[in-house]
Amino acid sequence: MLVALPSAVWIGRAHTAAVLRGWGHRAAAFIEDAQLIASELITNSIQALGYADNPPATRTLLAKDSLIRITLSEHHDSLTINVWDSHPRLPEPPTEVPFEAESGRGLFIVRSIAKETGYHYSDGAPGKTVFATLPFPRVFAGE
């Protein structure tokens, strides 16, 4: 679990890299893509919860409503990154992002490198889980 503060993005990236290396993944580009996806999904959760620019009091931060959960799961040929938060609003990419804008392209980037993206609501639980699936890199003989 992560607390919905901007520092959670860095922690989520570090967690993602550590888990993947622990599972034996060594391809730097794959790990970097997974970190990018994790950081974008976590950033969207922080924004959905409303804590990106205005961190709440510590008491509020320790409530379940301010937590984000990231889970990684390996499948036969891919990695799925799931990020849950308690807010029901889905992340929507803007229809157009000005060239000079400093933000707003995250979901476009995730969709361009992921094999699949989506979301689901939990039965009886608040919030939603947003996910992205990243194919494993191809490994060739001799590598």
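About the criteria used
Going along each chain's sequence as written, the residues are numbered from 1 onward. Since the coordinates come from a predicted model, pLDDT governs what is reported: local features require at least 70, and pairs of side-chain atoms require 80 or more to be given and counted, while whole-chain, interface and lining totals use all residues. Only hydrogens and water are set aside when side-chain values are computed; all heavy atoms of the structure are taken into account. Should DSSP find at least two bridges between two strands, the strands are regarded as paired. Put simply, DSSP marks the helices as runs of H or I at least four residues long and the strands as runs of E at least two long, and each gets a number from the N terminus on. The term salt bridge refers to a side-chain nitrogen of Lys or Arg lying within 4 Å of a carboxyl oxygen of Asp or Glu. Relative accessibility thresholds used throughout: buried, under 20% of the residue-type maximum; exposed, over 50%; partly exposed, between the two (1.4 Å probe, protein chains only). Residues belong to one nonpolar core when they are buried, are Ala, Val, Leu, Ile, Met, Phe, Trp, Tyr or Cys, and are joined through side-chain atoms within 4.5 Å. Working rule for contacts: check all heavy atoms of both residues, and any pair within 4.5 Å makes them a contact. Think of each axis as a best-fit line through the C-alpha atoms, taken over the contacting stretch in the case of a helix, with angles from 0 to 180 degrees between the N-to-C directions. Each crossing gets its handedness from the near helix: less than a right angle anticlockwise from the far helix is left-handed, clockwise is right-handed. In this classification, Asp, Glu, Lys and Arg are treated as charged, Ala, Val, Leu, Ile, Met, Phe, Trp, Tyr, Cys and Pro as nonpolar, and every other residue, Gly included, as polar.

> So what exactly am I meant to see when it comes to the pairing of strand β2 (residues 67-74) here?
Sheet faces and side chains relate simply in a regular strand, where the side chains alternate between the two faces. Across two bridges, the pairing between strand β1 (residues 2-3) and β2 is antiparallel. Residue pairing for β2: V3 is matched across the bridge by L67. Note: β2 against strand β3 (residues 78-85), seven bridges, orientation antiparallel. Within β3, the position partnered with S73 by the bridge is T80. Counted between consecutive antiparallel strands, the loop separating β2 from β3 contains three residues.

> How do you make sense of the pattern of salt bridges when you look at a structure like this?
Where charged atoms of side chains with opposite charge meet at close range, the side chains can pair. Throughout the structure, instances matching the rule amount to two salt bridges. Two residues, D77 and K115, come together in a salt bridge whose shortest N-O distance is 3.5 Å. Of this pair, D77 sits in the loop between β2 and β3 while K115 sits in the loop between α4 (106-113) and β4 (116-121), and the two are 38 residues apart along the sequence. The class of D77 is partly exposed, set by a relative accessible area of 41%.

> Explanation requested: the nonpolar core in the structure shown.
When a protein is soluble and globular, its nonpolar side chains tend to lie buried together. I37, L41, I42, I68, I70, L79 and I81 are the most contacted members of the largest nonpolar core, which has 29 residues in total. When contributions to this core are tallied by element, the ones reaching two or more residues are α1 (7-22), α2 (28-49), β2, β3, α4 and β5 (128-135). Of all the elements, α2 adds the most residues to this core, at nine residues. Apart from residues no more than four positions distant in its own chain, L79 is found in contact with L20, W23, F30, A34, L72, S73, A132, T133, L134 and F136.

> Before we go on, may I ask you to explain the packing of α1 against α2 in this structure?
In a pair of packed helices, the angle between the axes and the distance between the axes together describe the arrangement. The N-to-C vectors of α1 and α2 enclose an angle of 145 degrees; their axes lie 8 Å apart at closest approach. Read as a crossing pair, α1 and α2 show a hand that is right-handed. Where α1 approaches α2, its residues A8, V9, G12, R13, A14, T16, A17, L20 and R21 are matched on the opposing element by F30, I31, A34, Q35, L36, A38, S39, I42, T43 and I46. Residues that form the contact of α1 with α2 fall into these classes: twelve nonpolar, five polar and two charged.

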